[in-house]
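# Reading the structure
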Amino acid sequence: MRASPSVPWSSTEAEALPTLYVDADACPVKQEAARVAERHGLVIVYVSNGGLRPSRDPMVRHVVVPGTADAADDWIVENAEAGDVAITADVPLAARLVEREVHVLGPTGRAFTPASIGMDVAMRNLKQDLREAGEIKGYNAGFTARDRSDFLQALDRTVRRAMKESKD
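Read on for a plain summary of the structure. (Residues numbered from 1 in each chain as written. Predicted model: local features only at pLDDT ≥ 70, side-chain atom pairs only at ≥ 80, totals over all residues. Heavy atoms only, no water.)

### Observations concerning the side chain of Asp84
Of note, Asp84 is situated in the loop between α3 (71-79) and β4 (85-87). A polar contact of 2.9 Å, which involves the side chain of Asp84, links it to the backbone nitrogen of Thr19. Here Glu81 takes part through its backbone nitrogen, which lies 2.8 Å from a polar atom of the side chain of Asp84. Sequence-distant contacts of Asp84, defined by excluding residues within four places in its chain, comprise Pro18, Thr19, Tyr21, Asn79, Val102 and His103. (Helix = DSSP H or I, 4+ residues; strand = E, 2+ residues; numbered from the N terminus. Polar contact = N/O pair within 3.5 Å; in protein donor to acceptor, adjacent residues only side chain to side chain. Contact = heavy atoms within 4.5 Å.)

### A few points about helix α6 (residues 145-167)
Over its 23 residues, α6 runs 33 Å from end to end, which matches the ideal 33 Å to within 8%, given 1.5 Å per residue. The set of residues buried in α6 consists of Asp147, Phe151, Ala154, Leu155, Asp156, Thr158, Val159, Ala162 and Met163. Those residues of α6 that are buried lie in contact with β1 (20-23), α2 (30-40), β4 and β5 (103-105). (Expected span 1.5 Å × (residues − 1). Buried < 20%, exposed > 50% of the residue type's maximum accessible area, 1.4 Å probe, protein only.)

### Describing the packing of α2 against α6
Their axes nearest at 10 Å, the elements α2 and α6 cross at an angle of 30 degrees. For the pair α2 and α6, the sense of crossing is right-handed. Together, Glu32, Ala33, Arg35, Val36, Arg39 and His40 of α2 and Arg148, Phe151, Leu152, Leu155, Asp156, Val159, Arg160 and Met163 of α6 make up the contact between the two elements. The class makeup of the residues in the contact of α2 with α6 is seven nonpolar, one polar and six charged. (Axes fitted to C-alpha atoms, helices over the stretch in contact; angles between N-to-C directions. Left-handed = near helix turned anticlockwise from the far one by under 90°. Nonpolar A, V, L, I, M, F, W, Y, C, P; charged D, E, K, R; others polar.)

Listed below in C-alpha cells is the structure:
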C-alpha cells in the first residue's frame with residue numbers, strides 16, 4: 001500500500017505518469033491544478049518569469065525562465081512530451097503543445113484539441129486584428145466560480161485519460 005497518494009510506488013511508475021505543466025504567470029487555477037496533481041500523484045511544474053512562492057512538496061517544481069516574451073512557452077514546449085498535460089490560456093502555446101500530442105486545457109476547462117486548435121488560432125488572430133484596428137475592446141470576461149468548477153472537472157477527466165493512455 002502506498003504511504004501517500006502523492007508518492008508513486010517506484011521511480012519507474014513515476015516516469016510512466018504524465019507530468020502536469022502550468023503556464024503560471026497569469027494562471028488563475030494554480031491551486032486547483034496542484035490539488036488534482038496531488039490526488040493523482042503527478043509531478044506538477046509551474047513555469048513562470050518569477051514571483052511564485054516555492055513549495056516544499058517534492059512533487060511540485062518551479063521553473064523560472066528569463067523575462068523574454070516567449071521564454072516560458074519555449075521551455076514548456078521543449079520539455080513536455082506526448083501524453084503530458086498542460087494548462088495555458090495562450091492559444092499559440094496551446095497550438096504548439098497540441099502538435100506535440102500534449103493534452104492542453106485552458107483555465108476555464110476548455111480543451112484545445114487537434115480538431116479545435118485551427119479555429120482557436122484563427123479566432124485569436126481575428127480578435128487581435130480587430131483590437132488593433134479599434135473595432136473591439138480588449139476586455140476579457142471575469143473569471144467565475146463556475147469557470148473554476150468547470151476547470152476542476154475537465155482537468156480531472158483529462159488527467160485520468162492521460163494516465164490511462166500512459167498505461168496502454
